[in-house]
Amino acid sequence: MLDPKLIKEKPQVIQDMLKARAVEFDLEGLIESDQKRREFIIKTDELRKKKNQVALTISEKKKAGEDISGILEEMKKVSEELTKLELEQNNVEKKYLKLASSIPNLIHESVPIGKDDESNKEVKKWGDIPEFDFKIKDHIDISEDLDLVDLERAAKVAGARFYYLKNDLVRLNQALINFGLDFLREKGYSVVQPPYMINRESMEGAVIADDFEEVIYKIDNEDLYMIGTSEHAMAAMHSKEIIEGKDIPKKYAGISPCFRKEAGAHGRDQKGIFRVHQFDKIEQFIFSKPEDSWKEHEKLLSIAEEFYQKLKIPYRVMLLSTGDTGNISAKTYDIEAWMAGQNAYREIVSCSNCLEYQARRLKIRFRDKTNDDTQYVHTLNSTLIATTRVLVAIMENFQTKDGHIRIPEVLQGYMGNQKEI
RNA sequence: GCCGGGGUAGCCAAGUGGUAAGGCGGCUGUCUCGAAAACAGCUACGUGAAAGCGUGCAGGGGUUCGAAUCCCUUUCCCGGCGCCA
């Protein structure tokens, strides 16, 4: 949600954003309904004022023992009128809110204009693409040959896009998680394991309406939704709170499984564990002061980069174009890791600055002194590890001629100094 | 799951149908070389150029001319009982 004041005071800013994102949006209608809403507020406030005055008169007359039957009639009329007006106002307000909350976030000036990922800009490349003197396999063949993943039985038991992780791959998964948590803890993050299911109000604060149906699983007959990432639960953690300025920035390392419908992804990455309904993820989540959020955004990216440098996985950093940037984000970097089996860079990290967009929906504010005006915080998030995708990168990039997998040096200590799978 | 007690402003806390007590913390002013103390005003959200006005007593609904207060309902916290990895 954007600052409603923008609609009245700087509609051009919204207009520019809509043009950059090439989003269809009825801005005229929004401005109109905003105006109508204000008119109704003034009208109902006036009537309420009258009601309060009459109520006061009744109270005084009653105390004085005077007859109040006439004025009671008047009060009744005012009340009825007010009820009617409030109903109308409610409808206007609802219409306005629906429109207002569906405006996408502002977009940063550095984001390249474009309609899709074709216009994404490569801003950095790190590491040498590995060369092999033998015929390499993709992660599906590797994991099958080494008995590390069972996709067939998972399909039988749960369906497509599920997997049984087995043997040393389970240990590698845990090693990644433990390494990742230690890594972020050393950077000053608090480690948090959030609820894996959250209520609708919280989910709506962090997720844009369209994503709800496409991504989020709902629990039958409960007001509960399974998180698609710990970001959802982390964003809502401080909802309806006023945080003390000295406690900001708050830096959290969220660790949780992620559940995603992957609706609309039919046919893409159909095989293997690259695109699945469930995986583990460590997420960096930051509540920042507005003036620091762009600095924090770059820092988030650099921390994620450092992590993949330690693993020695080659990657490139992409700045997403306006068309590829999510509606709640003002600027997003993706890190794409080299995946030898696919001979391509594939997304493993997404790093976004959401400005005050989520905070406004979730009512997360801060202030430096008790009596200062409250301000909305800025929220930022970045993947550190989406485990299945990193496992794919490790399996494919670190495969050996004799069909094994070299374990990255930094993870060996987390696997009893094992060097190979 | 059952029984009981609770949820009032940044925090604490009074308030049994007639304009939301009080305290703490904070801000501004007076005073002062400066500060402290003392005193006064302000201290949430909306609307408005402003004065002001309105809203706000966990959320939703109802009764009433009028609800923090009475009724219904949802939710969370505390205590007890039950169940339980």
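Residues numbered from 1 in each chain as written. Chains lettered and ligands numbered in written order. Predicted model: local features only at pLDDT ≥ 70, side-chain atom pairs only at ≥ 80, totals over all residues. Heavy atoms only, no water.

> I would appreciate a short explanation of a negative patch on the surface in the present structure.
Side chains of D117, E118, D324 and E347 sit close together on the surface and give a patch of like negative charge. According to the relative accessible area criterion, D117 is partly exposed, its value standing at 48%. (Patch = residues over 30% accessible without salt bridge, like charges linked within 9 Å, V, L, I, M, F, W, Y side chains within 5 Å. Areas by Shrake-Rupley, 256 points an atom, 1.4 Å probe, with all protein chains shown as cover. Salt bridge = Lys/Arg side-chain N within 4 Å of Asp/Glu carboxyl O. Lys, Arg positive; Asp, Glu negative; His and termini not counted. Charge placed at Lys NZ, Arg CZ, Asp CG, Glu CD. Buried < 20%, exposed > 50% of the residue type's maximum accessible area, 1.4 Å probe, protein only.)

> Where do I start with the pairing of strand 16 (residues 378–386) in this structure?
Across a regular strand the side chains alternate sides, sitting on one face of the sheet and then on the other. Among the 9 residues in strand 16, 9 count as buried, and that is most of the element. In terms of strand pairing, strand 10 (residues 278–288) meets strand 16 through 8 bridges, oriented antiparallel. Looking at strand 16, one finds that I286 is bridged to L380. Relative to strand 16, strand 13 (residues 344–353) is paired through 3 bridges, and the arrangement is antiparallel. When the sheet's bridge partners are listed, C351 is paired in strand 16 with S382. (Helix = DSSP H or I, 4+ residues; strand = E, 2+ residues; numbered from the N terminus. Pairing = 2+ DSSP bridges.)

> Just to check I follow, could you spell out the pattern of salt bridges for this structure?
Between side chains of opposite charge, pairing is possible as soon as their charged atoms come close. The final tally for this structure, using the stated rule, is 28 salt bridges. E409 is the partner of K312 in a salt bridge, and the nearest nitrogen-oxygen pair spans 3.9 Å. Of this pair, K312 sits in the loop between helix 11 (293–311) and strand 11 (315–319) while E409 sits in helix 14 (residues 409–412); the two residues are 97 residues apart in sequence, bridging distant segments of the chain. One exposure class covers both K312 and E409, and it is exposed. If you follow the salt bridges from partner to partner, you end up with D34, R37, R38 and E93 in one network.

> Would you take a moment to explain the nonpolar core for this structure?
Side chains that are nonpolar tend, in soluble globular proteins, to be buried together. Judged by nonpolar contacts, the single largest core of 57 residues is most densely connected at L172, L176, F307, Y308, L311, I313 and I394. Setting aside anything within four residues of it in sequence, one finds Y308 in contact with W126, I313, Y315, I348, V349, L384, I385 and V390. (Core = buried A, V, L, I, M, F, W, Y, C linked by side-chain atoms within 4.5 Å. Contact = heavy atoms within 4.5 Å.)

> Explain helix 11 to me, please; I cannot follow it from the model alone.
The periodicity of an α-helix, 3.6 residues per turn, causes residues three or four places apart in sequence to face the same way. Between its terminal C-alpha atoms helix 11 stretches 27 Å, which fits the 27 Å expected from 19 residues at 1.5 Å a residue. Following helix 11 by one or two positions, K312 adopts a phi angle in the positive range, close to 65°. (Expected span 1.5 Å × (residues − 1).)

> Please clarify how the side chain of K289 should be interpreted in this entry.
Mapped onto the elements, K289 comes out in the loop between strand 10 and helix 11. Residue contacts for K289: discarding those within four places in its chain leaves G245, I248, F366 and D368.

> When you look at the side chain of T379 in this model, what are you seeing that I'm missing?
For T379, the location among the structural elements is in strand 16. One polar contact links T379 to Q358, side chain to side chain, over a distance of 2.6 Å. Leave out the neighbours within four places in its chain, and T379 touches F285, I286, F287, S352, N353, C354, L355 and Q358. (Polar contact = N/O pair within 3.5 Å; in protein donor to acceptor, adjacent residues only side chain to side chain.)

> Can you help me understand the packing of aromatic side chains in this one?
The description of an aromatic ring pair uses the distance of the two centres, along with the angle that the planes make with each other. For the structure on display, the rule yields 10 aromatic pairs. Three or more aromatic residues joined by ring pairs form one cluster here, namely F179, F183, F307, Y308 and Y414. Note that R37 overlies the ring of Y96, its terminal NZ or CZ placed 4.4 Å from the centroid. Above the ring of F40, the side-chain terminus of K43 is found at 4.7 Å from the ring centroid. (Phe/Tyr/Trp six-rings, centres within 6.5 Å; stacked < 30°, edge-to-face > 60°. Lys NZ or Arg CZ within 6 Å of the ring centre and 35° of its normal.)

> Got a minute to help me understand the sheet that holds strand 14 (residues 364–367) in this structure?
In any sheet, the strands associate via hydrogen bonds between backbone groups, in a parallel or an antiparallel arrangement. Sheet architecture is open: 3 strands sit in the order 8-14-15, paired in mixed fashion. Strand pairing shows two members of the sheet lacking a second neighbour, strand 8 (241–244) and strand 15 (375–376), which therefore form its edges. Note that strand 14 and strand 15 share 2 bridges and pair antiparallel. Paired with R365 across the strands is Y376, a residue of strand 15.

> Just checking my understanding: could you explain the packing of helix 3 (residues 27–64) against helix 4 (residues 69–100) for this structure?
Angle between the axes and distance between the axes: these two values describe a pair of packed helices. Axis separation between helix 3 and helix 4 bottoms out at 9 Å; the angle between their running directions is 160°. Classified by the interaxial angle, the pair formed by helix 3 and helix 4 is roughly antiparallel. As helix 3 packs across helix 4, the resulting crossing turns out to be left-handed. When its residues are assigned to classes, the contact of helix 3 with helix 4 shows 17 nonpolar, 6 polar and 12 charged. (Axes fitted to C-alpha atoms, helices over the stretch in contact; angles between N-to-C directions. Parallel < 35°, antiparallel > 145°, perpendicular 65-115°, else oblique. Left-handed = near helix turned anticlockwise from the far one by under 90°. Nonpolar A, V, L, I, M, F, W, Y, C, P; charged D, E, K, R; others polar.)

> Would you mind going over unusual backbone geometry with me for this structure?
Peptide bonds are, in most cases, trans, and in most cases residues other than glycine have a negative phi. A cis amide bond, omega 5°, links I248 with the succeeding residue P249. Position of P249 relative to the elements: it lies in the loop between strand 8 and strand 9 (250–259). Even without glycine at this site, A22 takes up a positive phi of about 55°. By the element assignment, A22 lies in the loop between helix 2 (11–21) and helix 3. A residue is classified by how much of its surface remains accessible, and A22, at 66% relative accessible area, is exposed. In this structure, R161 takes a positive phi of about 65° despite not being glycine. Residue placement: R161 occurs in the loop between helix 6 (151–157) and strand 3 (164–165).

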